[in-house]
Amino acid sequence: MSLSFSEYLVWKVAARMREHNTAFLHAFFNLAFHKQPPKVQARVCWILVMSAGFSDQPSAGVRAMSCFQASPSHSWIYPTVILCLFGFFSTMRPSEPFLMPYLSGPDKNLTSAELTKEVFPVWTYSYLVLLLPVFILTDYVRYKPVILLQGLSFITTWLLLLFGQGVRTMQVVEFFYGMVTATEVAYYAYIYSVVSPEHYQKVSGCCRSATLVAYTVASVLAQLLVSLASLSYFYLNVISLASVSTAFLFSLFLPMPQKSMFFHAKPSKEAPPKPPGGDVVSEEPQKDPKPVCQELYTISGNPGIGQQSSPKPENVVLRVFVQWLRDLKECYSSKRLFYWSLWWAFSTAGFNQVLNYIQVLWDYKAPSQSSTIYNGAVEAVATFGGAVAAFAVGYVKVNWDLLGELALAVFSVVNAGALFLMHYTTNIWVCYAGYLIFKTSYMLLITIAVFQIAVNLSVERYALVFGINTFIALVIQTIVTVIVVDQGGLGLPISIQFLVYGSYFAVIAGIFLMRSTYIIYSAECQKKVLRSATSQTPDGPHPEDPRNVIMGTKL
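What counts as what
- Residues numbered from 1 in each chain as written.
- Predicted model: local features only at pLDDT ≥ 70, side-chain atom pairs only at ≥ 80, totals over all residues.
- Heavy atoms only, no water.
- UniProt positions renumbered as here; feature names shortened; annotations may be inferred.
- Helix = DSSP H or I, 4+ residues; strand = E, 2+ residues; numbered from the N terminus.
- Buried < 20%, exposed > 50% of the residue type's maximum accessible area, 1.4 Å probe, protein only.
- Contact = heavy atoms within 4.5 Å.
- Areas by Shrake-Rupley, 256 points an atom, 1.4 Å probe, with all protein chains shown as cover.
- Salt bridge = Lys/Arg side-chain N within 4 Å of Asp/Glu carboxyl O.
- pLDDT = per-residue confidence, 0-100.
- Lys, Arg positive; Asp, Glu negative; His and termini not counted.
- Polar contact = N/O pair within 3.5 Å; in protein donor to acceptor, adjacent residues only side chain to side chain.
- Patch = residues over 30% accessible without salt bridge, like charges linked within 9 Å, V, L, I, M, F, W, Y side chains within 5 Å.
- Axes fitted to C-alpha atoms, helices over the stretch in contact; angles between N-to-C directions.
- Parallel < 35°, antiparallel > 145°, perpendicular 65-115°, else oblique.
- Left-handed = near helix turned anticlockwise from the far one by under 90°.
- Nonpolar A, V, L, I, M, F, W, Y, C, P; charged D, E, K, R; others polar.

The protein appears in an unreviewed UniProt entry as Thiamine transporter 2 isoform X1 from Vicugna pacos. Recorded in UniProt under Subcellular location (unreviewed entry), the annotation for the protein is "Membrane". According to UniProt, the comment filed for the protein under the heading Sequence similarities (unreviewed entry) is "Belongs to the reduced folate carrier (RFC) transporter (TC 2.A.48) family."

(A) Seen up close, the overall build of the protein. Within the protein, the secondary structure is distributed over 21 helices and 0 strands. In the protein, buried positions account for 47% of the 555 residues. Here the analysis covers contacts within the protein between residues at least 6 apart in sequence; of these, 81% occur between residues at least 24 apart. As displayed, the protein has an accessible area near 27,700 Å², and 67% of this comes from carbon and sulfur atoms.

(B) Main features of the pattern of salt bridges. For the coordinates displayed, the defined rule picks out 4 salt bridges. Among the salt bridges present, the one from E405 reaches R515, with a minimum N-O distance of 2.6 Å. Remark: R515 occurs in helix α20 (residues 494-536) and E405 occurs in helix α17 (residues 400-424); sequence separation between them is 110 residues. E405 gets classed as buried once you look at its relative accessible area, which sits at 6%. Among the residues examined, R515 registers a relative accessible area of 12% and is labelled buried.

(C) Looking closely at the confidence of the model for the protein. Of all residues in the protein, 73% have pLDDT values of 70 or greater, and the mean over the chain is 77. For the stretch residues 48-74, pLDDT sits under 50, and the model shows 41 contacts to residues farther than four places along the chain or on other chains. Note that residues 268-313 has pLDDT below 50 and, in this model, 42 contacts with residues that lie over four places away or in other chains.

(D) How the structure looks around the side chain of K108. Among the structural elements, K108 can be located in the loop between α6 (99-104) and α7 (112-140). No salt bridge is formed by the buried K108; its nearest oppositely charged neighbour, D107, is found at 6.7 Å. Engagement of the side chain of K108 in a polar contact is seen with the backbone oxygen of L162, the distance being 3.3 Å. Ignoring any residue separated from it by four or fewer positions in sequence, one finds K108 in contact with Y102, L103, L160, L161, L162, F163, G164 and Q165.

(E) Highlighting a nonpolar patch on the surface. Together, V475, I479, V482, I483 and L490 make up an exposed nonpolar region whose accessible area comes to about 420 Å². For V482, a relative accessible area of 39% translates into the label partly exposed.

(F) Broad picture of unusual backbone geometry. The phi torsion at Y143 lies on the positive side, around 70°, for a residue other than glycine. One can find Y143 in the loop between α7 and α8 (144-163). Looking at Y143, the relative accessible area reads 2%, which means it is buried. Of note in this structure, S230 is not a glycine but carries a positive phi near 50°. On the secondary structure map, S230 appears in the loop between α11 (200-227) and α12 (233-251).

(G) Focus on the packing of helix α15 (residues 335-365) against helix α18 (residues 428-454). Packing of α15 against α18 brings their axes to within 10 Å, and their N-to-C directions diverge by 160°. One element, α15, and the other, α18, form an angle in the roughly antiparallel class. The two elements α15 and α18 meet at a crossing, and its hand is left-handed. When the residues that make up the contact of α15 with α18 are grouped by side-chain class, the tally is 22 nonpolar, 4 polar and 3 charged.

This is the structure in structure tokens:
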């Protein structure tokens with residue numbers, strides 16, 4: 001059988017791969033094989049099997065058949081690396097810490113009142129309107145098209161920022177940035193559809209680390225360019241445009257997932273009953289799709305064999321929505337999860353509101369046209385401090401069932417105090433310090449909240465709860481924006497707004513302080529009852545048993 005040069009090359013690499021079994025040759029063979037036309041793939045597949053048949057090792061044929069089953073789209077390393085590169089470059093935007101000085105400076109000449117009351121609120125409104133449709137569409141189209149949409153939205157946002165003028169154009173910018181944030185769910189959900197469950201924790205850490213490192217690098221780079229090189233804010237946006245364009249190019253190389261969490265989930269042949277009280281992620285890795293050779297044989301031999309009849313799309317959609325309602329009802333019936341989600345929604349709404357207007361406050365305290373500003377350095381330190389706090393919380397041994405909501409109350413008090421400090425001070429450095437405390441405290445608490453919510457949920461239910469909590473947070477943020485910021489509402493000046501935000505977090509702290517007091521008091525009462533029962537029945541359970549205490553805290 002004669003071989004073309006490309007077929008010979010692929011065959012030689014495969015032979016060396018079986019001989020030396022190196023990761024590099026595996027990767028090269030996967031890329032080379034899957035770039036060939038179907039007929040070439042079939043020929044190489046047959047040659048590999050035939051050549052392996054003359055080997056003195058009985059399992060050589062099996063190895064030859066299996067050596068090309070793992071394509072780049074089925075290996076967890078390839079999509080993880082590409083996705084992390086996309087996340088890094090899409091987040092590496094050095095212009096963001098200096099957005100307010102850029103818009104209010106000679107490049108755009110917008111006033112603080114126009115930005116606060118007419119431009120920035122559009123992001124909140126568009127994010128709210130787009131979130132649920134995008135959340136559903138993301139799963140239905142299997143993630144990659146939405147990631148591509150996010151990349152195009154990034155590019156459109158920065159093109160308009162660079163070359164657009166006027167309030168209306170900046171409102172369009174905010175709309176597209178709302179599209180960017182709404183489609184961000186695809187970035188974090190995509191990886192779960194292309195890797196097996198045993199890699200979830202590793203790839204999640206990689207994806208989040210990529211964005212944190214990128215944001216820190218971008219903030220430091222921006223501060224150095226502004227302070228040392230006196231670079232114009234315009235060119236910071238040029239760098240951001242180049243970075244997000246690079247991210248879009250990387251997104252083109254992402255493999256298309258064959259499944260998704262909800263609409264394209266692969267049902268198991270037999271659904272074993274769940275253990276009572278358990279929705280923990282304990283599923284086995286799903287099997288890879290059929291090998292290429294098997295697919296070629298099925299297609300060329302008898303197309304009807306091996307194909308399962310799929311339900312009609314409308315039935316699938318209806319089934320998914322009904323399942324969502326059942327899952328939400330079951331999840332939120334847990335009071336513990338309900339209260340943690342409540343804190344998540346209210347605190348995230350306040351946090352996003354502060355982040356949306358913090359640069360306006362800094363410009364009010366120290367106008368960028370007449371002062372040296374250090375927004376980039378502050379953002380870098382705040383992000384790094386938040387990342388360290390989030391990492392450290394994993395090593396803190398605390399009974400979160402008993403003291404978790406007390407921690408929420410205490411750190412909500414810290415957040416409120418930081419916001420009051422930013423309101424009352426006239427010193428920009430004190431204002432910076434208040435922001436550092438606020439952001440670090442929030443990132444610490446949101447890490448605890450995410451863990452407490454996700455610890456007993458499957459990946460699918462966690463994604464659903466996360467989406468609903470984010471939507472509720474956006475509804476709350478929209479209400480706050482309409483009342484406090486929008487010119488159709490109170491239209492308060494920026495300094496008074498932060499007084500309102502401080503009061504907002506103080507109310508959150510009060511609610512959870514009362515609830516945590518009730519939980520601790522109930523636990524103490526339960527311990528007294530158990531201690532009394534133990535004194536009467538010495539063979540009973542020990543009153544200090546942590547399980548008994550936790551029983552008394554589940555309200």
